[in-house]
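What follows is the residue order along each chain.
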Amino acid sequence: MDKIEKVLITKSGKKFFAKSLKEDLHTQYGFIKKQELQDSKDGGLLKTNTDKELFIFSPSFSDIYRKIKRDAQIIPLKDIGAIITETGINKSSRILDSGSGSGALSCFLASVAKEVVTYEIRDDFIEIVKKNIEFLGLKNIEIKKMNIYEEVEEKNIDVVTLDLPEPWKAIESCSKALKPGGFLVSYSPSVPQVSDFVNAIRQNENFVYLRTVEIFEREWEVEERKVRPKSQGIGHSGFLTFARKVS
Ligand code: SAH
């Protein structure tokens, strides 16, 4: 995968990515010479050969993250945000995640948490996740070929995140992995999955059910006095269900 060296943003918010500082950057507004890309500091203002102004920045984690390889349906940032804020994931948190898919959720959580272990059953996805971990330069994430419905090796985990076809089958494993007070979060796109998962949690004496939410994000177009929601955006992604392990 191509690295991102710099991000260039027009005054109206359009982004361009420079993959190499050894080449000129060509945009729809003309080009910027490689020497200028190399010499400019973060936040500097550059001009293309046709006088279009662009600010230059080092890429943020989210800029790089948006370029990861994705094969499975990845969880959107709005939902990752809700998982972090609802469970209070921070630099001392230990996370177990499954299934890894493209590793989007586990990689983002690793950028915030102390460490993340992610379980995946498919070899092709494991390879994608390994590439994404390397691309993002993360050192605190481990991927294991394991079936979370059957077993877990981790203990004393603060938060388990599930993005699985049948998350209720993982409840027993999650119970063994989580410390008392730890959070279990399940992300599912469809209503029957939520229903079966919440029913199973309610019948399980190791957990207390907290809540199920759907997060809406609507991006707006802001052009002079044309201020309105964008016609296109993310439609439905998934529901998030939160539970806590009791002692
Ligand atoms: N959250 C991920 C996407 C997960 S897609 C992301 O953001 O990228 C669901 C994944 O779960 C698939 O890759 C599938 O192979 C894996 N999976 C399904 N059943 C599993 C199981 N029992 N144990 C571990 N992984 C499983």
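Residues numbered from 1 in each chain as written. Predicted model: local features only at pLDDT ≥ 70, side-chain atom pairs only at ≥ 80, totals over all residues. Heavy atoms only, no water.

Peer 1: Help me understand the packing of aromatic side chains, please; the structure alone is not making it clear to me.
Peer 2: Two aromatic rings, taken as a pair, are described by how far apart their centres are and by the angle between their planes. Counted according to the given criterion, the structure contains 4 aromatic pairs. When the centroid spacing of 5.1 Å and the interplanar angle of 85 degrees are considered together, the rings of Tyr-65 and Phe-108 count as edge-to-face. You can see Tyr-65 sitting in helix H2 (residues 61-65) and its partner Phe-108 sitting in helix H4 (residues 104-110), a full 43 residues away along the chain. With a relative accessible area of 14%, Phe-108 lands in the buried category. Members of the aromatic cluster, joined through ring pairs, are Phe-61, Tyr-65 and Phe-108. (Phe/Tyr/Trp six-rings, centres within 6.5 Å; stacked < 30°, edge-to-face > 60°. Helix = DSSP H or I, 4+ residues; strand = E, 2+ residues; numbered from the N terminus. Buried < 20%, exposed > 50% of the residue type's maximum accessible area, 1.4 Å probe, protein only.)

Peer 1: Where do I start with unusual backbone geometry in this structure?
Peer 2: Where the residue is not glycine, phi is negative for most of them; where a peptide bond is considered, it is trans in most cases. Of note, the amide linkage connecting Ser-98 to Gly-99 takes the cis form, showing an omega dihedral of -15 degrees. Here Gly-99 is to be found in the loop between strand E7 (94-98) and H4. In this structure, Asp-51 is a non-glycine residue whose phi angle is positive, near 75 degrees. By the element assignment, Asp-51 lies in the loop between strand E5 (44-47) and strand E6 (53-57).

Peer 1: So what exactly am I meant to see when it comes to the domain arrangement of the chain here?
Peer 2: Interface size is commonly expressed as the accessible area that is lost once the parts come together. Per the domain assignment, the segments making up the chain are domain 1 (6-59) and domain 2 (64-245). On a C-alpha basis, the centroid separation for the pair domain 1 and domain 2 is 35 Å. (Domains from an automatic or database assignment.)

Peer 1: Even after reading the chapter, I still don't get the site of the ligand, so can you show me in this structure?
Peer 2: In the vicinity of the ligand lie 24 residues, with Leu-105, Glu-120, Asn-147, Ile-148 and Asp-163 positioned nearest. With respect to the ligand, the side chain of Glu-120 contributes an N or O atom lying 2.6 Å from an oxygen atom. In this structure, Ile-148 approaches the ligand through a main-chain N or O atom, which is 3.2 Å from a nitrogen atom. In the complex, the protein chains occlude 91% of the 580 Å² of accessible area that the ligand would expose alone. Mapped onto the shell around the ligand, the elements with two or more residues apiece are H4 and strand E8 (115-120). (Near = heavy atom within 4 Å. Polar contact = N/O pair within 3.5 Å; in protein donor to acceptor, adjacent residues only side chain to side chain. Areas by Shrake-Rupley, 256 points an atom, 1.4 Å probe, with all protein chains shown as cover.)

Peer 1: When you look at the side chain of Thr-161 in this model, what are you seeing that I'm missing?
Peer 2: Mapping Thr-161 onto the fold places it in strand E10 (residues 157-162). By relative accessible area, which is 1% here, Thr-161 ends up buried. Of note is the side chain of Thr-161, whose polar atom sits 2.7 Å from the side chain of Asp-97. The residues contacting Thr-161, other than those within four sequence positions of it, are Ile-83, Ile-95, Leu-96, Asp-97, Ser-98, Leu-105, Leu-109 and Val-185. (Contact = heavy atoms within 4.5 Å.)

Peer 1: What's the story with the nonpolar core in this structure? I'm lost.
Peer 2: Side chains of nonpolar character tend, in soluble globular proteins, to be buried together. Grouped together as the largest cluster of nonpolar side chains are 33 residues, with contacts concentrated most on Tyr-65, Ile-80, Ile-89, Leu-109 and Leu-240. Only helix H3 (77-87), H4, helix H5 (123-136), strand E9 (141-145), strand E11 (178-188) and strand E15 (239-245) provide two or more residues apiece to this core. A total of 6 residues in this core trace back to one element, the largest contributor, which is H4. Dropping the residues within four chain positions of it, Leu-240 is found in contact with Asp-79, Ala-82, Ile-83, Val-185, Ser-186, Tyr-187, Arg-211, Thr-212, Val-213 and Ile-215. (Core = buried A, V, L, I, M, F, W, Y, C linked by side-chain atoms within 4.5 Å.)

Peer 1: Explain helix H7 (residues 191-203) here, please?
Peer 2: Turn by turn, an α-helix covers 3.6 residues, leaving residues three or four places apart pointing in a common direction. An ideal rise of 1.5 Å per residue puts 18 Å on 13 residues; H7 measures up with 18 Å between its terminal C-alpha atoms. The complete set of buried residues in H7 reads Gln-193, Val-194, Phe-197, Val-198 and Ile-201. End-on view of H7: buried residues confined to an arc of 120 degrees, all on one side of the axis. Pointing more than 90 degrees away from the buried face of H7 are the exposed residues Val-191, Pro-192, Arg-202 and Gln-203. If you follow the buried residues of H7, they end up packed against E10, helix H6 (171-177), E11, strand E12 (207-214) and E15. (Expected span 1.5 Å × (residues − 1). Arc of directions from axis to C-beta.)

Peer 1: Would you explain the pattern of salt bridges in this entry?
Peer 2: Where charged atoms from two side chains of opposite charge approach closely, those side chains can pair. On inspection of all chains with the given rule, the structure shows 15 salt bridges. Residue Lys-144 is joined to Glu-154 by a salt bridge in which the shortest nitrogen-to-oxygen separation is 2.7 Å. Here the residue Lys-144 occupies a position in strand E9, and Glu-154 occupies one in the loop between E9 and E10, the gap between them amounting to 10 residues. What makes Glu-154 buried here is its relative accessible area of 8%. A salt bridge links Glu-166 to Lys-169; the shortest N-O distance between them is 2.8 Å. Look at Lys-169 and you get partly exposed, because its relative accessible area is 40%. Put simply, Lys-144, Glu-153 and Glu-154 are held in one network by salt bridges that share partners. (Salt bridge = Lys/Arg side-chain N within 4 Å of Asp/Glu carboxyl O.)

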